[in-house]
Amino acid sequence: MTRYLGAYGHLVVVREGDLALVHAHADDQLDGAIRFWLSTPAPGRYRMFLQFQHGQTAAAVNTAAFTVAVP
């Protein structure tokens, strides 16, 4: 894993409905996984977009998108 824009990963979280936004950087410590610590503003469905670089050349930025329901 290599750093992208100074962090091991960037996470953008958008709430369905009103588009409330959270942006988080990955934890500085890697132990086989990228970790994020964040709080959502309220319950709801959130679309999350993770960006990271992997490999020695780190030429490409990878983006993964997923949806999470926060009770």
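Residues numbered from 1 in each chain as written. Predicted model: local features only at pLDDT ≥ 70, side-chain atom pairs only at ≥ 80, totals over all residues. Heavy atoms only, no water.

Colleague: What's the story with the pattern of salt bridges in this structure? I'm lost.
Modeller: If charged atoms from side chains of opposite charge come close, those side chains can pair. One pass over the structure, following the stated rule, counts four salt bridges. Residue Glu 16 is joined to Arg 45 by a salt bridge in which the shortest nitrogen-to-oxygen separation is 3.3 Å. Linking Glu 16 in the loop between β1 (10–15) and β2 (21–25) with Arg 45 in strand β3 (residues 44–52), this pair joins segments that are 29 residues apart in sequence. Note on Glu 16: relative accessible area 53%, which makes it exposed. Take Arg 45: its relative accessible area is 43%, and that puts it in the partly exposed class. (Salt bridge = Lys/Arg side-chain N within 4 Å of Asp/Glu carboxyl O. Helix = DSSP H or I, 4+ residues; strand = E, 2+ residues; numbered from the N terminus. Buried < 20%, exposed > 50% of the residue type's maximum accessible area, 1.4 Å probe, protein only.)

Colleague: Whenever I open this one, the environment of Phe 52 confuses me. Can you help?
Modeller: Relative to the elements of secondary structure, Phe 52 occurs in strand β3. Sequence separation between Phe 52 and Phe 36 is 16 residues, and the spatial gap between their C-alpha atoms is 13 Å. The residues touching Phe 52, leaving out its near neighbours within four places in the chain, are Met 1, Tyr 8, Gly 9, Ile 34, Ala 60, Val 61 and Asn 62. (Contact = heavy atoms within 4.5 Å.)

Colleague: I'm lost on the environment of Val 22 in this one. Help?
Modeller: Within the element layout of this structure, Val 22 appears in strand β2. Looking at Val 22, the relative accessible area reads 14%, which means it is buried. Separated by 19 residues in sequence, Val 22 and Pro 41 place their C-alpha atoms 8.3 Å apart. Once residues within four sequence positions are removed from consideration, Val 22 is found in contact with Leu 11, Val 12, Val 13, Leu 38, Ser 39 and Pro 41.

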